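# Observations on chain architecture
The chain contents come next:
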Amino acid sequence: MTDTKNKITVTIDGIEHDALPGQMLIELTDQTGTYVPRFCYHEKLSIAANCRMCLVEVENSNSALPACATPVSDGMIVHTKSKPAKTAQESTMEFLLINHPLDCPICDQGGECELQDLAYAYGKNDSRFDIQKQTKKNDDLGPLVSTDMTRCIMCTRCVRFGTEIAGIQELGTIGRGESSNISTYVSKTVDHELSGNIIDLCPVGALNNKPYRYTDRTWELDQIESISPHDCVGTNIMIHKKNDIIRRIVPKNNPDINETWIADRDRFGFDGIYSEDRAISPQLRVNSDLDNVKVADAMDRSVDMIKSCSNNGQSIGVLVSPNLSTEEQYLLSDFCHQLGIKAIDYRLRQRDFSEKSDRSFIPHMNINLSDIDSMKNTLILGSDLRKETPILAHRIKKSADSGSSIHIINSHESEYHFQIGQNIINDDWVNDIGRVLKAAINLTKNHLPNNIADHLDTIDEPSVKHEAIAVSLCQSKSLIIIGIGAYSDSQYQIIRSYAHILSSVCQTNLCEISEGSNMIGASIHGLINESTDQTLNFSEIIQMNHDLLIMYGIEPNDTIYQAELIECMKSTNNLVVFTPYINEYFNQHADVIIPIKTHYEGTGSMINLELRNQSFNHIQSMSADEFSNIELLMSMYQGMGIQSLSVSEINDCIQKGIETIAITAEKISEIPDTTLTTFLPKKETIFNMYNTDNVLRRSKPLQNTKEGLSSK
Amino acid sequence: MNELLTPETKKEMDHWLNKFPKGKQRSAIIGSLHAVQHQNEGFLTSELMDAVANYLDVPKIQVYEVATFYSMFQTKPAGKHEISVCTNISCMLRGSDAILNHIEHKLGINVGESTSDGKIFLKEEEECLAACTGAPMMMVDHVYIENIDIKKVDEVIDKLTSKS
Amino acid sequence: MSKLNQVIYSNINDSNSWTIDEYLKQGGYSVWKDILADQENKNSNWIIEEVKKSGLRGRGGAGFPTGLKWSFMPNNDDQKYIVCNSDESEPGTCHDRDILKYNPHVLVEGMAIAAYAIGATVGYNYVRGEFMLECYPRIEAAVKEAYEAGLLGGNILESGVDFDLYNFLGAGAYICGEETGLLESLEGKQGKPRFKPPFPANFGLYGKPTTVNNTQTLASIPKIIENGSKWYSDFGTEKSPGTLIFSISGHINNPGNYELPLGLTFNEVIEIAGGILDERKLKAVIPGGSSTKVLPAKIIENCTMDYESLQSADSALGTGAMIIIAEDTCMVELLKRISRFYFAESCGQCTPCREGTGWLYRILDRITNGQGLSGDLSLLEDVAGRIEGNTICAFGDASAWPVQSFLKHYHHEFKYMIENKGKSVAAG
């Protein structure tokens, strides 16, 4: 719509500005720093023009015009603060307030309410409306969003959010006229993974953060920038805290990553850190009981256990969370490396380890998240994308809404709120990917190494559907996404090789969604020390008998190998757990329990799937007997008498690692031998978006949602 | 869910669906709600609205929005026969208020209510029914009756109440 | 009486006027057939020019020149729509109902010609829901007959021209008479008007170029094309050419729909309708549906019934729905009724109208209940003024104008009622 070629001139409050034809007046006033009051307008939503707060005077128009819905034209002369403009704005304000309750003192929005702010600027001191105010009915929208609909000013931002951003209409305007209200009509909970954003969108206190309700006045809160630790997207958040307690989390606008949105788990997940089963004191098993001890004692005991292991570290297993800061990951890997421990892994949800070389191809995406918006053809393989990475799924939806083709190949249906091109749902879906590859090779007449040609001879000929996907992918701006579903599939290696070769053949972009929030960070040490070929994988580690098993930041529920891990914990001679939480397995089997901080209580950096390195800093006053995770790890080094890298040295390594991944444009080019079998966990697991890490699992608001309850 | 809809209702819904381009089935919501309300003798229920959403393949909220916006749809239980007395300006000038009063007394209900036997719903009619030259007028089960007076109203209502 | 019913209503008293047989017998569809047979001469431009020359203006109330509106349609290959606004609901207005009931084929033919002129291949006729049994069956039957006669559908009469026509039934919402509210409703949504621009000619039904015309406007087309633009424009005055169907209701001896040339004097029109009811004295007239400003007898009696005269009297011709008000009528009660209507029918999307219409009604309500305050009249005027011009559609204005005009001309009645605790001047 916006034409960048022909610049035009618009005069706002006596100052001439260059403008773009087709631009709405409010975009121009925002750009040029002229504030025009508004409620319904939001840059990420369609124009509604219904609140009438942004009325301004435009010369030669016989009435005031809404800046949000008035396209600029050359020579337009606008007055935003003239008498007619002010009168129109004040009139709207008076109308908005006649039925709005005067309950600001008990309203959570107080202090950050757009209506309250503008009422001070544009409102009158007393009301001429001396008639009974109207009240409206409240709906129960579920555990995340509270409603006080009498405060609603019908701006419909939340309704437009549902249709345009979430892609599902959960809220609507019910009824008409003065008695109309925002409702789900028959009290349905709002179930979308991004639903909490309506709290931020609501300009008044009609939709509020339910767990946060009535807890604080917003002006008492301190604000800290941080990164959400619940998926690999690296969503930017603002942590609002009081007395070192997190009270709520809101989005931090980052146009390159999450724009103004965050997923519900980014917003409400933190509740899990206040769970009653936090590990408080270090503990040592004495006879059959766990006794509380000092940190130093627990650390000393752990070091002794490591030292007493025979065979130069070969009998020690280390299982690490993929959600830790890169610094922690690096120190842990380096610690093992120095001690010759080969049994270390962080890939809790990877099922198929049959291909050794996979550690040299670190899953990531080779374009930026914001590039997804403009992709024209996308193939999603083995993913519940909305649950795995809600923000990335939103970008895919944006591209779909602007007309791009989205194709899906998976073992089961997932719900998407956009038009799907080819949708292949099949038990034998891996074969379908091969058939798409075959179609692509036929199409591009690419010369292939014999290995691939021979393999393709063994699979079925492509159908029209497979050909359609291949044709689509061979166009410009195409993308292949490999989801967590594929990663956790028993044929992951073959899926991955198909996808990589398909990506090379069709020259598409490639996005591999990784588990946890910082799996790339976890891979850095192995990558730059070229130690990956010698290390063992998760499934190998849990099948071994260890003298000592160290678990760092994980619990059995975090992995798809849950039953096997529990067996491994039982069978090991010594079990040391570094954990923020206690659970029944630790109580039964751990010999040493060392409490650690969660992400929300720590400092460090994480690398998201587009290789963006972001730091987070949750400075919190710690008492004298508390240690940061880094301090704990350093004391392990000390105990073992080995040298650790300094923080700045680690940072250099991280930078080097990122560059190594980014520069290696190479993709997997061979199809693995399918006769090699790999150890498989005992049961299939369903991906539950509120059960992916130990913090989310303990977030009460999230566990009370439909998704949360479905895992019970 | 579709079993809540009778074959006649589905036929009527298909009739509406056929009037609109592919993918524009939302346009059939209004026609479908007329059909469903008719099937249910005068009002809509959540279940029926959900059935319409399901049959048309549109989000339920879209059906609720429409059902609660248009005055011809009743989302609360209402009597089987619907009487609307126009009281807009042309009818008011020709004595509609006295007629409405008479009907309220005769049926023992206020406008907006239904008789306890569920037979008659006296609809609150604020819109002009576009029969101003035949004022005062009323609409009974969608049939226009113009130039009414107390006598005519009595005849019509007596006939309705004697019907099943 | 020779002035009466010469264009749209010319056949209205004939038996079975609504059947295709009768319509064909009277020469119906000959214009449509002629156009299809001679597309080279009777092309889109020619038709639009004829309509422009005829001076036909939109009969839905706003009076926008029809030919000009048609010429706004883009000349491209996009799917285009013609939509007829048969959501007749402006209080006092009921003439489209008789077109649908007694002369539905003229509307079908008018829509077909309009579609051809603007390049639309699909048309929808939006009929108000309350007409479900009243006149919808007639127009639905007419469309069916026209299809059966091969006058609608694909490649009509081997002409290469396609036109599919469908009737739509609303469900009770005055706001759907606003053309973009109507389009929303046709799309199956709440009938909330869209902000403009974009206008329907660029972004209409399903986002495609669309022209929305009123029933009476479209029903005028066949005769205009058949007899020529001059024939039609000669009926009225120079500035208000043609005929208009006046719905005359209220305190009148022979209420009814009268199709009359524009420009007759008010008194001539009243005489045709049999004079004021029971020889009472005329007090006031709402000349063009309840949204137009009320005019006291002494003003309207000097008006001619056309666009210019009523505009210069600070009112409007509107839909031509003349609501006649005789002496002894309480103007406060009347305004309260009008305000109740706008309060009930406000769609609720924009703030001034959603909040303001209820405020206006509640002030009027307390005045009639004897609880009016001395400041209420200036408050009414002020609130009305704050709604006017500040809303997405003209509904806000329509709710304000009656308040402003009643207060302007009958201020003393309102004042009297406030001072006398609800007692009306009219009660004597």
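Residues numbered from 1 in each chain as written. Chains lettered and ligands numbered in written order. Predicted model: local features only at pLDDT ≥ 70, side-chain atom pairs only at ≥ 80, totals over all residues. Heavy atoms only, no water.

A word on the interface of chain B and chain C. Contact with chain B, which involves 43 residues of that partner, is made by 65 residues of chain C. Between chain B and chain C lies a buried interface of about 4,300 Å² when both sides are counted; carbon and sulfur atoms form 60% of it. Our count for the contact surface shared by chain B and chain C stands at 4 salt bridges. Across the salt bridge formed by aspartate 97 of chain B and arginine 337 of chain C, the nearest N and O atoms sit 2.8 Å from each other. Summed over the shared surface of chain B and chain C, the result is 25 residue pairs in polar contact (both at pLDDT 80 or more). Taken together, the elements giving at least two residues each to the side of chain B that touches chain C come down to α1 (7-17), α2 (29-39), α4 (60-69), α5 (89-93) and β4 (143-145) of chain B. (Contact = heavy atoms within 4.5 Å. Buried area = accessible area lost by both parts, 1.4 Å probe. Salt bridge = Lys/Arg side-chain N within 4 Å of Asp/Glu carboxyl O. Polar contact = N/O pair within 3.5 Å; in protein donor to acceptor, adjacent residues only side chain to side chain. Helix = DSSP H or I, 4+ residues; strand = E, 2+ residues; numbered from the N terminus.)

Our focus in this paragraph is empty space enclosed by the protein. Residues and elements named next belong to chain A. In this structure the tally under the stated criterion is 13 cavities of 30 Å³ or more. Quantified by volume, the second largest cavity comes out at close to 200 Å³. If you go around the second largest cavity, you meet 21 residues; those closest to its centre are His230, Arg349, Glu515, Gly516 and Thr692. For the lining of the second largest cavity, the per-class residue count stands at 7 nonpolar, 7 polar and 7 charged. (1 Å grid on protein atoms, 1.4 Å probe; cavity = no way out; pocket = protein on both sides within 12 Å on 5 of 7 lines; lining within 4 Å. Points joined across faces, edges and corners; volume = space filled by probe spheres on them. Nonpolar A, V, L, I, M, F, W, Y, C, P; charged D, E, K, R; others polar.)

Turning to the interface of chain A and chain C, a few remarks are in order. Taken residue by residue, the interface counts 36 residues in chain A and 34 residues in chain C. Carbon and sulfur atoms supply 52% of the area buried between chain A and chain C, which totals about 2,800 Å² over both sides. When the area that chain A buries against chain C is broken down by residue, the three leading residues are Phe95, Arg176 and Glu178 of chain A, summing to 27%. Across the chain A-chain C interface, the total number found is 4 salt bridges. The partner of arginine 366 of chain C in a salt bridge is aspartate 130 of chain A, and the shortest N-O contact between them spans 2.9 Å. If you look at where chain A meets chain C, you find 18 residue pairs in polar contact (both at pLDDT 80 or more). Within the side of chain A that touches chain C, the residues separate by chemical class into 17 nonpolar, 11 polar and 8 charged.

So, about the sheet that holds strand β3 (residues 55-58) of chain A. All names here are of chain A. What the 5 strands build is an open sheet, ordered β2-β1-β5-β3-β4; its pairing is mixed. Of all strands in the sheet, those bounded by a partner on one side alone are β2 (15-19) and β4 (65-66). Here β3 runs beside β4; their pairing, made up of 2 bridges, is antiparallel. The residue of β4 that forms the bridge with valine 56 is leucine 65. Across the face of the sheet, helix α2 (residues 83-98) comes into contact with β3 and β5 (77-79) while running at roughly 160° to β3. (Pairing = 2+ DSSP bridges. Axes fitted to C-alpha atoms, helices over the stretch in contact; angles between N-to-C directions.)

This paragraph deals with the packing of aromatic side chains. Within a pair of aromatic rings, the relevant descriptors are the distance that separates the centres and the angle that separates the planes. Overall, the coordinates contain 31 aromatic pairs over all chains when judged by the stated rule. Relative to tryptophan 359 of chain C, the ring of phenylalanine 129 of chain A lies with its centre 5.3 Å away and its plane at 75°, an arrangement referred to as edge-to-face. Residue phenylalanine 129 of chain A is found in the loop between α3 (114-122) and β6 (145-147), and its partner tryptophan 359 of chain C is found in helix α15 (residues 351-368); the two belong to separate chains. You'll find phenylalanine 129 of chain A and tryptophan 359 of chain C in the same group, each marked buried. With centroids separated by 6.0 Å and ring planes inclined at 70°, the aromatic side chains of phenylalanine 20 of chain B and phenylalanine 168 of chain C adopt a geometry described as edge-to-face. With phenylalanine 20 of chain B in the loop between α1 and α2 and phenylalanine 168 of chain C in strand β3 (residues 164-169), this pair bridges two chains. With relative accessibility at 8%, the residue phenylalanine 20 of chain B sits in the buried group. (Phe/Tyr/Trp six-rings, centres within 6.5 Å; stacked < 30°, edge-to-face > 60°. Buried < 20%, exposed > 50% of the residue type's maximum accessible area, 1.4 Å probe, protein only.)

Averaged over every residue, the pLDDT of chain C is 96; residues scoring 70 or more account for 99%. Across the assembled chains, the prediction reports ipTM 0.97 with pTM 0.93. (pLDDT = per-residue confidence, 0-100.)

What follows concerns the environment of serine 10 of chain C. All names here are of chain C. Within the secondary structure layout, serine 10 lies in the segment before α1 (20-25). For the pair serine 10 and alanine 141, spaced 131 residues apart in the sequence, the C-alpha separation amounts to 21 Å. Here serine 10 is in contact with Asn5 and Lys223, once residues within four sequence places are set aside.

Residue and element names in this part refer to chain C. The assigned domain composition of chain C is domain 1 (20-233), domain 2 (243-326) and domain 3 (331-427). In this assembly, 11 residues from domain 1 lie in contact with 8 residues from domain 3. Of the roughly 820 Å² buried at the junction of domain 1 and domain 3 (both faces included), carbon and sulfur atoms supply 72%. Considering only the side of domain 1, the residues that lose the most area to domain 3 are Tyr174, Ile175 and Lys192, jointly responsible for 56% of the buried surface there. Counting across the domain 1 and domain 3 interface gives 0 salt bridges. For the interface between domain 1 and domain 3, the tally reads 2 residue pairs in polar contact (both at pLDDT 80 or more). For the side of domain 1 that touches domain 3, the residue count by class is 6 nonpolar, 1 polar and 4 charged. (Domains from an automatic or database assignment.)

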